[in-house]
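As a plain string of letters, each chain reads:
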Amino acid sequence: MIVFDLSCPDGHRFEGWFGSSADYEDQRGRGLLACPSCGSADVSKAPMAPAVPAKGNTRQEVLPAAPPQNVANAPMPPQVQQALAALAKMQTEALKNSTWVGDKFAEETRKMHYGERDEALIHGQASVAEAKALIEEGVPVAPLPFPVAPPEKLN
Ligand SMILES: [Zn+2]
């Protein structure tokens, strides 16, 4: 995949993902590209933004909004409730030796990955963008299936 910064005659800038440069030319030639802001099909590659020196792969990009949560207004059968309660308990057990670091999770886990602090089990909060950046850097992180109440809110 290749990403191009695109712009329309009105100066709206947006990103487009393509299989290749030829794929971009092909889609553009067939009028398949349109500005998401004004719908103009007169789309062309925007001049490259000046490269900002940054360590690692920290290029900012527009992330899609978080997907909607799955919800149901039907009562869950007792077996499901029990299974979920058991899983939630297992998560609590698994996190027993783990330290809550709140919104410092991305920072702390990255430090460990780069050997800047001792390894330890931690859990906390990360935005979708932070989690994505960590995964792209090869930092092993996993989403928790159940919400964890921050310790400061348990008082
Ligand atoms: Zn536009």
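First things first, this report covers the structure right here in the doc. Note that the structure is a prediction, hence the values are computed from the model and not measured.

How each quantity is defined
- Residues numbered from 1 in each chain as written.
- Predicted model: local features only at pLDDT ≥ 70, side-chain atom pairs only at ≥ 80, totals over all residues.
- Heavy atoms only, no water.
- Pairing = 2+ DSSP bridges.
- Helix = DSSP H or I, 4+ residues; strand = E, 2+ residues; numbered from the N terminus.
- Patch = residues over 30% accessible without salt bridge, like charges linked within 9 Å, V, L, I, M, F, W, Y side chains within 5 Å.
- Areas by Shrake-Rupley, 256 points an atom, 1.4 Å probe, with all protein chains shown as cover.
- Salt bridge = Lys/Arg side-chain N within 4 Å of Asp/Glu carboxyl O.
- Buried < 20%, exposed > 50% of the residue type's maximum accessible area, 1.4 Å probe, protein only.
- Donors = N, O, S within 2.8 Å, 3.2 Å for Na, K, Ca; no water.
- Tetrahedral: all angles 85-135°; square planar, octahedral: opposite > 155°, others 65-115°.
- Contact = heavy atoms within 4.5 Å.

**What to know about the pairing of strand β1 (residues 2–7)**
Across six bridges, the pairing between β1 and strand β2 (residues 13–18) is antiparallel. Considered in β2, the bridge of Asp-5 is made with Glu-15. Adjacent in sequence and paired antiparallel, β1 and β2 are bridged by five residues, among which Gly-11 carries a positive phi angle near 90 degrees. Here β1 pairs with strand β3 (residues 44–45) via two bridges, running antiparallel. Paired with Leu-6 across the two strands is Lys-45, which belongs to β3.

**Let's talk about a nonpolar patch on the surface**
Taken together, the side chains of Met-76, Val-80, Leu-84, Leu-87 and Met-90 make up a nonpolar region of the molecular surface, amounting to roughly 430 Å² of accessible area. The exposure class of Val-80 is partly exposed, given its relative accessible area of 31%.

**A look at the coordination of the zinc ion**
Coordination sphere of the zinc ion, protein contribution only: Cys-8 (SG), His-12 (ND1), Cys-35 (SG) and Cys-38 (SG), at 1.9 to 2.3 Å. Its four donor atoms give the zinc ion angles of 104 to 114 degrees at the centre, a pattern that matches the tetrahedral case. Between consecutive donor residues of the zinc ion, the sequence gaps follow C-x3-H-x22-C-x2-C. Here Cys-35 lies in the loop between α1 (21–29) and β3 and His-12 lies in the loop between β1 and β2, a separation of 23 residues in the sequence. Here His-12 falls in the partly exposed class, since its relative accessible area comes to 27%.

**Some remarks on the pattern of salt bridges**
In the structure shown here, the tally under the stated rule is seven salt bridges. In this structure, Glu-137 and Arg-110 form a salt bridge, with 2.8 Å as the shortest nitrogen-oxygen distance. One end of the pair, Glu-137, is in the segment after α4 (128–136); the other, Arg-110, is in helix α3 (residues 105–113), and 27 residues separate them in sequence. Of the residues examined, Glu-137 reaches a relative accessible area of 16% and is grouped as buried. Taking the relative accessible area as the measure of exposure, Arg-110 reaches 22% and is therefore partly exposed. Three or more residues joined by partner-sharing salt bridges are found here, namely Glu-107, Glu-108, Lys-111 and Arg-117.

**Points about the sheet that holds β1**
Across a sheet, paired strands are connected by hydrogen bonds in the backbone, their directions being either parallel or antiparallel. Taken together, three strands build an open sheet; the order of strands is β2-β1-β3 and the sheet is antiparallel. Two strands lie at the open edges of the sheet, namely β2 and β3, each paired on one side alone.

**Some words on the side chain of Gln-91**
Examined against the element boundaries, Gln-91 turns out to sit in helix α2 (residues 78–94). Since its relative accessible area comes to 9%, Gln-91 is described here as buried. Beyond its immediate sequence surroundings of up to four residues, Gln-91 is in contact with Leu-144, Pro-145, Phe-146, Pro-147 and Val-148.

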